[in-house]
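# Commentary on secondary and tertiary structure
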Amino acid sequence: MSIKTHQYEVVIVGAGGAGLMAALYASKKASTAVISKLYPSRSHTGAAQGGISAALGNIEEDRPEWHTYDTVKGSDYLGDQDAIEFMCFKAPELVYELEHMGLPFDRTPEGRIMQRPFGGHTNNETGKPVRRACHAADRTGHMILQTLYQQCIKNNVTFFDEFQVLDLIMVNGKAAGVVAIEIATGDIHVFHAKAVILATGGWGRVWEITSNAYAYTGDAPAMILRKGLPVEDMEFFQFHPTGIYKLGILITEGVRGEGGVLINDKGERFMERYAPHVKDLASRDVVSRAMYIEMKEGRGINGQRYLYLDVRPETVNKYAKIDGRTNPDGTPYQVTAEDILRKLPDIIDFCKTYLGVDPVKEPMPVQPTAHYAMGGIPTNIKTEVLADEKNTVVPGLYAAGENACVSVHGANRLGTNSLLDLVVFGKEAGIHAAEYAAGAQFEPLPDDAADYARSQLDAILNSKGNERVADIAKEMKHEMMDKVGVFRTEEGMQEALDKIRELKERFKHIHIDDHGKVFNTDLLTAWELSNLLDVAEITTASALARKESRGAHSRDDYPKRDDQNWLKHTLAWRRENGEIELRYKPVVITKYQPKERVY
Amino acid sequence: MLEKVTLKILRYNPEKDAQPHYERYTVEAEPTDRILDVLEKIKAYQDGTLTFRRSCAHGVCGSCAMRINGRNRLACKTLLKTLDTSKEITVEPILGLPRVKDLIVDMTTFFDNYKKVMPYFINDEPLPEDGRERLQSPEERARFDDTTKCILCGACTTACPTFWADNSYVGPSAIVNAHRFIFDSRDRAAAERLKILAGDSGVFRCRTAFNCTEACPREIKITKAIAEVKRAIITGRLD
């Protein structure tokens, strides 16, 4: 069969915020191609809602140092402090850069970028929430994605839309390109490159209730594992407190930033008991755990597995008064229904569409939803991919955005830091990959470069068992939600690991219906499931080994953080015999020594 | 509260079929299920060859625009309870673009038309000396808010009779995206965009059928935006 070959100095896999930002910078200096399984504007960056953080101080005093400390604390001290400091000090420059690209941020009366409070972001002197999240209504991610895509069009960036990358080509230990399938034709393409940037986003589709798109199937981490490279801190996956009940659709933390509160079946604002200082604006791990405890103790609404998120003006105003919340000019903070509608239009639309609930008049039923991967492909600040616990660089290979682990989020990410991460490190990836390419040669491509990818697809196409892909996916999602979710135990995680391994065996006996070439999404959905299973397995194995509770990894059997033994990053490999090997590397600590985390 | 629902889906596989044809699938579904959920269920358990695009599943990525009972909608934003499920529900690909397979059409022309209107921010004047943001009042920002919501799903353009007749008409979506920049107080290329839109493939091809506005899943007032662009061309003013 014929294989089409292309040659670009830099190839970027994924066209979300990180991939597009990388493309803008790489394409200034090197021939660059962006390969994406979706049209760029379909990427999941577009679903981010509440804001991007930067200590601009447009409304009240703020400092990058405070942003740095908040992020370190939010990470439960697992984030690397040099990387966090780098990101938080870059934040203002990057947000201004987005504005200069035309991003339509909301504005203050003075015409500056508008900012709102978000969970875990504080004035370090008073301990009160600080307005740090720069926003465009409740569709900030949409605006970032659109703006970056528009700028890529302006700069004539080359795109291969609806090409699914299947495999990474490594030659002499260096990245040498990728293999992709052109979805519309089924043709296999080889992209020969000097540098490859991985930016495929997350893998929330491992879990049953998720805010994540269908496309979030962990493609790059799964590819990396097959190449014998490790992934980092996979046990840390964020459950966002407020997903729409049963559907998992995200309801931004900005709702609580604007004054919304979580309420249990007894009508209590229960976060007062769990985070007396910042209450509903505690870190996401803290809030999700509190919600689980409330539901477990029978205070879910009508005894069900959901709680209320209440942003009705009368509720907001009642608690704003109790909290003594004020406007920047010192007057009491009060909102009207029109204010809520203007600040949160998309949320209101989602609730009306999917629940038939108008949030201005009724509270929203919410439950924690699988949302964001703190872990991923290990990189340094220059976004170079790392091969081991000694931080050995893989030449020519870069990763940025959600699929990477720098690590700036550690054990728990603060809201709005994901959008910041992807623009800061997307830019770094573009710059460094192009720089590397300028001094590197194309490695000679092996004749069989596409064979492995082809054999993976053929195995699925030729498999004649009686297992259905959807059944395996469903069982995986259920097991992971139940046993590798917000709360975890040794026994549960071991059961989950056994189950995932059983499912991986069963996957070898699937059958699919579509054996054609054109737009064979039946085939690609099965291939994506193989990635999800690999990611679920390594997540569970990493979690099982970590005998402590930290950030999003919370164990009933080891309820305390254990800095003595576990203040370290997990690196996980899948060896050729299928065994998972875990090693560890130290956390970078510069200014902030770990202490107890109280909100 | 499961109920039986029948979808009549226009199927076309270019590797097998000379012509598109309808196939019927009956599934059990909840009234709160989306058409996308039903399509997923059919694909998972009845016929894996059924092909459609989808990603975010909550109306922000723009992948799943299709004709549902003759109207352009997003499958992920259309709940069964909003349709008459006692009758068959007809699901077809959006019109006016080449069919690829089942509910998938070739979006190339749509994106080419989008690119024609310079859908990107242009301002080559020096940046503020302090390196900070360009100033814009809340009122100036509000002026183009509605057209920033576009997700490029194509529901509007492929509902437009003028576009059906002639693909060279840039279509409502491209005009919406031009509007987003024309009325942005910070942008400096309004005149160039208006010149493009005053041409043969521009706004004056619009016959004000209102199909676009009805089709938009983001409830953008598209016909109004088009009218504002027409007025700007005629009056030479951007107010």
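Not measured: the values here are computed from a predicted model.

Residue and element names in this part refer to chain A. Scanning the model with the defined rule gives 91 salt bridges over all chains in all. In this structure, Arg 583 and Glu 389 form a salt bridge, with 3.0 Å as the shortest nitrogen-oxygen distance. Of this pair, Arg 583 sits in strand 22 (residues 580-586) while Glu 389 sits in the loop between strand 16 (384-386) and strand 17 (393-399), and the two are 194 residues apart along the sequence. A relative accessible area of 27% means that Arg 583 is categorised as partly exposed. The exposure class of Glu 389 is partly exposed, given its relative accessible area of 22%. Several salt bridges share partner residues, and in doing so they unite Asp 76, Glu 235, Asp 285, Arg 289, Arg 546, Glu 548, Arg 550, Arg 561, Asp 563 and Arg 597 into one network.

Looking now at the domain arrangement of chain B. Residue and element names in this part refer to chain B. According to the domain assignment, chain B consists of domain 1 (3-105) and domain 2 (108-235). Contact with domain 1, which involves 13 residues of that partner, is made by 15 residues of domain 2. Ranking the residues of domain 1 by area buried against domain 2 places Asn 72, Leu 95 and Leu 97 at the top, with a combined share of 39%. The tally of links between domain 1 and domain 2 comes to zero salt bridges. Counting the contacts that link domain 1 with domain 2 gives five residue pairs in polar contact (both at pLDDT 80 or more). With three residues, strand 4 (residues 71-74) is the single largest residue contributor to the side of domain 1 that touches domain 2.

All names here are of chain A. Here His 371 shows up in strand 14 (residues 364-373). For His 371, a relative accessible area of 12% gives the class buried. With 239 residues separating them in the primary sequence, His 371 and Arg 132 have C-alpha atoms 21 Å apart. Residues contacting His 371, with those up to four places away along its chain left out, are Ser 211, Asn 212, Phe 237, Gln 238, Phe 239, His 240, Leu 250, Arg 284, Glu 402 and Arg 413. Within the structure, His 371 has its side chain in polar contact with the side chain of Ser 211 (distance 2.7 Å).

Further remarks concern the packing of aromatic side chains. For the structure shown, the criterion picks out 20 aromatic pairs over all chains. Measuring from ring centre to ring centre gives 6.2 Å for A:Tyr306 and A:Tyr308, while their planes differ by 65°; the resulting arrangement is edge-to-face. Every member of this aromatic cluster is reached through a ring pair, and the members are A:Tyr39, A:Tyr149, A:Phe159, B:Phe110, B:Phe111 and B:Tyr114. When the ring centre of A:Tyr214 is taken as origin, the NZ or CZ atom of A:Arg205, which lies over that ring, is 4.1 Å away. Stacked on the ring of B:Tyr22, the Lys or Arg B:Lys8 has its end atom at 4.6 Å from the ring centre.

Among the residues making up helix 2 (residues 108-116) of chain B, those that are buried are B:Phe110, B:Phe111, B:Asn113 and B:Tyr114. For helix 2 of chain B, the arc enclosing every buried residue in end-on projection is 155°, short of the 170-degree limit, so these residues lie on one face. Check the buried side of helix 2 of chain B and you find it contacts helix 4 (140-154) of chain A together with helix 4 (161-165) and helix 5 (171-182) of chain B. After helix 2 of chain B finishes, the residue B:Met118 shows a positive phi value of roughly 55°.

Residue and element names in this part refer to chain A. Read from one edge to the other, the open sheet built from four strands follows the order 11-14-13-12, with strand pairing classed as antiparallel. Both edges of this open sheet fall to strand 11 (237-244) and strand 12 (261-263), since each of them pairs with a single strand only. Strand-to-strand twist of the sheet, defined as the mean angle between neighbouring strand axes without regard to direction, takes the value 45°. Sheet topology places strand 13 (residues 307-310) next to strand 14; three bridges connect them, and they run antiparallel. Bridged to Leu 309 within strand 14 is Met 364.

Moving on to the nonpolar core. Counting residues in each nonpolar core, the largest one holds 269 residues, and the members touching the most others are A:Ile52, A:Leu397 and B:Leu39. Among the elements that take part in this core, helix 16 (residues 521-545) of chain A stands out by supplying 13 residues, more than any other. In terms of domain composition, this core takes at least three residues from each of domain 1 (3-105) and domain 2 (108-235) of chain B. Residues in contact with B:Leu39, not counting those within four places in the same chain, are B:Leu7, B:Ile9, B:Leu50, B:Phe52, B:Met66, B:Ala75 and B:Leu103.

Residues and elements named next belong to chain B. Two numbers describe how helix 5 lies on helix 8 (residues 222-235): the axes approach to 9 Å, and their chain directions differ by 60°. With respect to helix 8, the element helix 5 is oriented oblique. Considering how the two elements wind past one another, helix 5 and helix 8 form a crossing that is left-handed. Seen from helix 5, the contacting residues are Pro 172, Ile 175, Val 176, His 179 and Ile 182; seen from helix 8, they are Ile 222, Ala 225, Ile 226, Glu 228 and Val 229. A per-class count over the contact of helix 5 with helix 8 returns eight nonpolar, one polar and one charged.

This next bit is on the interface of chain A and chain B. Contact with chain A, which involves 58 residues of that partner, is made by 66 residues of chain B. Surface buried jointly by chain A and chain B totals about 5,300 Å² across both partners, of which 50% is contributed by carbon and sulfur atoms. Its largest share of buried area at the contact with chain B, chain A owes to A:Arg42, A:Tyr214 and A:Tyr354, together 15% of the area lost on that side. Linking chain A to chain B there are eight salt bridges. Note that B:Arg53 and A:Glu162 form a salt bridge whose closest N and O atoms lie 2.7 Å from each other. Applying the counting rule to chain A against chain B returns 37 residue pairs in polar contact (both at pLDDT 80 or more). Broken down by element, the residue count for the side of chain A that touches chain B peaks at eight residues, all from helix 4 of chain A. The class makeup of the residues in the side of chain A that touches chain B is 24 nonpolar, 16 polar and 18 charged.

The rules behind the values
Residues numbered from 1 in each chain as written. Chains lettered and ligands numbered in written order. Predicted model: local features only at pLDDT ≥ 70, side-chain atom pairs only at ≥ 80, totals over all residues. Heavy atoms only, no water. Salt bridge = Lys/Arg side-chain N within 4 Å of Asp/Glu carboxyl O. Helix = DSSP H or I, 4+ residues; strand = E, 2+ residues; numbered from the N terminus. Buried < 20%, exposed > 50% of the residue type's maximum accessible area, 1.4 Å probe, protein only. Domains from an automatic or database assignment. Contact = heavy atoms within 4.5 Å. Buried area = accessible area lost by both parts, 1.4 Å probe. Polar contact = N/O pair within 3.5 Å; in protein donor to acceptor, adjacent residues only side chain to side chain. Phe/Tyr/Trp six-rings, centres within 6.5 Å; stacked < 30°, edge-to-face > 60°. Lys NZ or Arg CZ within 6 Å of the ring centre and 35° of its normal. Arc of directions from axis to C-beta. Pairing = 2+ DSSP bridges. Axes fitted to C-alpha atoms, helices over the stretch in contact; angles between N-to-C directions. Core = buried A, V, L, I, M, F, W, Y, C linked by side-chain atoms within 4.5 Å. Parallel < 35°, antiparallel > 145°, perpendicular 65-115°, else oblique. Left-handed = near helix turned anticlockwise from the far one by under 90°. Nonpolar A, V, L, I, M, F, W, Y, C, P; charged D, E, K, R; others polar.

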